[in-house]
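Residue-level listing of the chains:
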Amino acid sequence: MPQFVCDAMLGSLARWLRFFGFDTIFFEGAGRELLDLARRDGRWLVTRNGALAARGPRSICLMSETLDGQLKELLTRLDLHPAPDLDNARCSACNGELENLPASKAIGHVPPHVARTANHFRQCQTCGRIYWRGTHTKRIVERMQRICATLDAGKGAPA
Ligand SMILES: [Zn+2]
């Protein structure tokens, strides 16, 4: 799986790449630092700055101004077809890896109504944030599915 570093303009894109399971750093530093970070980790540098992209061999300059458009553009450019679900998601806040958390350990760390109703929890191994399935994740998955459907359409698959 390719890894990414998104520049300061692309914070939303970074979060969504993490939903899809891509190891993605959001880095607000300037040109030289960004290029060095991308090179050191072997990451794709994702930016909307054409001049910056031209300075790195593994850089992608996105044209789209919308999140859906940027995701579609990036996945198409690298011919990536991630699963449209959150099964491999990383922490959207810090990019840490998520591991299953027994419901008994989530109690006291999530809102009471969530503790009563949710039964599948995962926790970030880096920042400790706890995730669960609910209406918010349903909306995210639906959007992932829409984005992935447009990728397939672009490949000439039957409608
Ligand atoms: Zn985290």
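When helices and strands are counted, the chain shows seven helices and seven strands. A principal-axis box enclosing the C-alpha atoms of the chain has dimensions of 50 × 45 × 25 Å. Looking at the chain as a whole, 26% of its 159 residues are labelled buried. The long-range share in the chain, meaning contacts at least 24 apart out of those at least 6 apart in sequence, stands at 50%.

Another aspect to go through is the domain arrangement of the chain. Here the domain parsing of the chain yields domain 1 (4-77) and domain 2 (98-154). Centre-to-centre separation of domain 1 and domain 2, based on C-alpha positions: 24 Å. At the junction of the two partners, domain 1 supplies seven residues and domain 2 supplies six residues. Among the elements that make up the side of domain 1 that touches domain 2, the one with the highest residue count is helix H4 (residues 67-77) (five residues). Taken together, the residues that form the side of domain 1 that touches domain 2 break down as four nonpolar, one polar and two charged.

Overall, parallel pairing links the four strands, which are arranged E2-E1-E3-E4 in an open sheet. The sheet is open, and its two borders are formed by strand E2 (24-26) and strand E4 (59-61), each paired with just one other strand. Between one strand and the next, the sheet's axes are offset by a mean angle of 20 degrees, whatever the strand orientation. Here three bridges tie strand E1 (residues 4-6) to E2, and the two strands are oriented parallel to one another. Across the sheet, Val5 pairs through a bridge with Ile25, a residue of E2.

Right, let's get into the environment of Glu99. Structurally, the position occupied by Glu99 is in strand E5 (residues 98-101). The spacing of Glu99 and Thr137 is 38 residues in sequence and 17 Å in space, taken between C-alpha atoms. Apart from the residues lying within four places of it in its own chain, the contact partners of Glu99 are Arg122, Gln123 and Gln125.

Parameters at a glance
- Residues numbered from 1 in each chain as written.
- Predicted model: local features only at pLDDT ≥ 70, side-chain atom pairs only at ≥ 80, totals over all residues.
- Helix = DSSP H or I, 4+ residues; strand = E, 2+ residues; numbered from the N terminus.
- Buried ≥ 20, exposed ≤ 12 C-beta atoms within 10 Å, placed from the backbone.
- Contact = placed C-beta atoms within 7 Å.
- Domains from an automatic or database assignment.
- Nonpolar A, V, L, I, M, F, W, Y, C, P; charged D, E, K, R; others polar.
- Pairing = 2+ DSSP bridges.
- Axes fitted to C-alpha atoms, helices over the stretch in contact; angles between N-to-C directions.

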